[in-house]
Amino acid sequence: MTTAPVLPDVDTELALPPGAEPVARSNWQLFRRRFFRHKLAVVAIVVLLLLLVVCFGASWIAPYPKNQTNLLITPGGPSAKHWFGTNALGQDMLTQVLYGGQISLKIGIAVAFFSTVVGVFVGAIAGFYRGWTDQGLSRLVDLFLIVPELAILAVAIERLGRSDNAFIIVLAALGWMYIARVVRGQVLSLREKEFVEAARASGASGPRIIVRHILPNCIGPIMVNATLAIAAAVIAESTLTYLGLGLQPPATSWGILLNQAESAVTSTSQFYLVFFPGLFLILTVLAVNFLGDGLRDAFDPQSPH
Amino acid sequence: MLTYILRRILYSIPVLIVASFFVFWGVRTTYDPTAKYRTSKDAARVIAEKKKELGLDRSIFAQWWSWFTNFLHGDLGISYRTNDPVSSMIRKAVWPSLQLMFWGTIFALAIAIGVGVYSSVKQYSAGDYAFTGLSYVGIAMPPFLFGLLAIALLVTLPVEKFHLSQPIFYSVGLHSEGQSGFNLDYLRHIALPVLTLTVQSVAVWSRFQRASMLDVLNADYVRTSRAKGVPERNVIFRHAFRNALIPLVTVVALDSAFLVGGLVVTEQIFSISGMGRLFLDALTGGDAPVLLGWFVVVAIFVIVFNLIADVAYGVLDPRIRVG
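Each value, and the rule that gives it
- Residues numbered from 1 in each chain as written.
- Chains lettered and ligands numbered in written order.
- Predicted model: local features only at pLDDT ≥ 70, side-chain atom pairs only at ≥ 80, totals over all residues.
- Helix = DSSP H or I, 4+ residues; strand = E, 2+ residues; numbered from the N terminus.
- Buried ≥ 20, exposed ≤ 12 C-beta atoms within 10 Å, placed from the backbone.
- Contact = placed C-beta atoms within 7 Å.
- Core = buried A, V, L, I, M, F, W, Y, C linked by C-beta atoms within 7 Å.

S.K.: Tell me what's going on with the overall build of chain B, and back it up with residues and numbers.
M.R.: For chain B, the count of helices and strands is 12 helices and zero strands. Its helices and strands taken in sequence order, chain B reads α-α-α-α-α-α-α-α-α-α-α-α from the N to the C terminus. Summarising its shape, the C-alpha atoms of chain B cover approximately 90 × 65 × 35 Å along the three principal directions. Taken over 323 residues, chain B has a buried fraction of 34%. At a minimum sequence separation of 6, the contacts of chain B that also span at least 24 residues come to 70%.

Structural data, given as structure tokens:
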């Protein structure tokens, strides 16, 4: 930190007063400082937590029971009784949006989890041992690069049945390859570093080197890609469902609500039917992307801290 | 260069063959064309006969092999749904999709390069922040949602507000009844589909262009040219801009498969009978031969597009020696 004055973006806090002792900070402390520096990422994490709470707490928070129809009221825009308005079946849109978020968020998080676990496993083995795993991974990625993902997804969902679990399986089956490629690239460069050689010289086994020495150094890219996987999965689910190829009522997700909102495009008086589910969808993806940005900076040892 | 192109083509062939087998296996095992006979009298016998007629009683390899040899002869089979040859259905559907892809790519490139160069030259200015914010929204915006919003706000809203007899932009098809060719009517039809198709690409590419332009602007040779007194205009457009374009070529090529996926959404929303609609109709109608043909044609298109980009990369950047 003696070079601090030369760096353009250095925090004034860090410029040590003359004679003061430098403070030792643990990795975790540095990580936290860098993450909380990224204001948008902090906002994003608050938004995401709020979304998770209101969606998964829908049975307590939502003003009406799920899917409750009321054909006696005429569908109408936002009002004091129905904040987000009601749809053609008289369902309260606020309730539907909150319950819909459960499925959309569940798919996003589950896909990110499974594709990260598989991707890290395969990517680490391919990068560290090279050989046939590496060859196989590259060939597999080549196969999938030439066909639009949306088309593969649509056929696979059709085959497995249109349920949220089918979405999780298929999206994770397609998504792990991206993370595997990223991890492979990282491992390929890290395995040549001196600290790995030192570990090997002191007798550490291959798996131990991967788990204890290499993977902790890849945590940044892995976390960033996991957040990107959440965003991609939420978008993929809503897109397929909107096209009528995904989930179907009585299940409810943001994609289903948007699919049912087609009438809104022919009459602006029903614009709220698109607006609220769309807003939640974009808010989720935006927040997840900003979270990824914040994590990228926080895990990057080169960024100012 | 020639050997490189040849090697790439030779490598693409086995990839394509293996991919075609997996697609064949996936589609064949998903759709059972005999399912509709299950309720008929004497179902077991009817289904067995039908399977024999369609060649479905053989092993999946044998079925794929006969499909593949037919494909090499230019025969993609007959659609289950319309009884038309698949090849002519695809030929008809390709044209509208190519128009969307063509205008989409040109539009997205123009905007992305413009925004990228502006934001990098005026880094950290208000305009740069505004474009950055917009690009975040664009990246987070699923194309189908953008399409819905565009129709609601740019087609329906003006008509309702100003009581127009016809909308400013149309949301159905590529031409009005009785119109054809490149004219104002065409532009009013294709504007929103092109926007919908490219909203995410514009956002991603402009970020990319900004980053690559910043890289170049910080390079030593740019500093040298500034130091020897080259006017700033020339530094940016003659020296930096050209080199900053090169990385974008690869990104654009890699996104070609993504754009084809976007066609499915765009053509459905704007009722354009192109490849995207063909895919959706085949999928919902269980039309396996059309699906198979579709996948192979799209895969070939993506491979060719990537190859062109690789070659262009070598031509644009003499530092890259391939051979």
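S.K.: Run through the environment of Ser171 of chain B, naming residues and quoting values.
M.R.: Residues and elements named next belong to chain B. Turning to its location among the elements, Ser171 is positioned in the loop between α6 (143-162) and α7 (184-217). By the C-beta count within 10 Å, which is 20 here, Ser171 ends up buried. C-alpha separation for the pair Ser171 and Ser271, spaced 100 residues apart in sequence, amounts to 7.8 Å. Contacts of Ser171, omitting those with residues within four sequence positions, involve Ile151, Val155, Leu192 and Phe270.

S.K.: Report on the nonpolar core, specifying residues and quantitative values.
M.R.: Of all hydrophobic cores here, the largest spans 149 residues; its most connected members are Ala233 of chain A together with Trp294 and Phe295 of chain B. In this structure Ala233 of chain A touches Ile107, Gly108, Val111, Ala112 and Leu171 of chain A, once residues within four positions along its chain are discounted.

S.K.: Lay out unusual backbone geometry with the relevant residues and their values.
M.R.: Residue Pro249 of chain A is joined to Pro250 of chain A through a cis peptide bond whose omega torsion reads 10°. Among the structural elements, Pro250 of chain A can be located in the loop between α9 (206-242) and α10 (254-260). One non-glycine residue, Tyr124 of chain B, adopts positive backbone phi at about 65°. Positionally, Tyr124 of chain B belongs in the loop between α4 (86-121) and α5 (126-140). By the C-beta count within 10 Å, which is 9 here, Tyr124 of chain B ends up exposed. Phi angles above zero are rare outside glycine, and His163 of chain B is one such case at about 50°. Using a count of 7 C-beta atoms within 10 Å as the deciding quantity, one classes His163 of chain B as exposed.

S.K.: I'd like a description of the interface of chain A and chain B, backed by residues and values.
M.R.: Listed as interface residues are 33 residues of chain A and, on the opposing side, 35 residues of chain B. Contributing elements (two or more residues each) for the side of chain A that touches chain B: α5 (131-145), α6 (149-160), α9 and α11 (272-299) of chain A.

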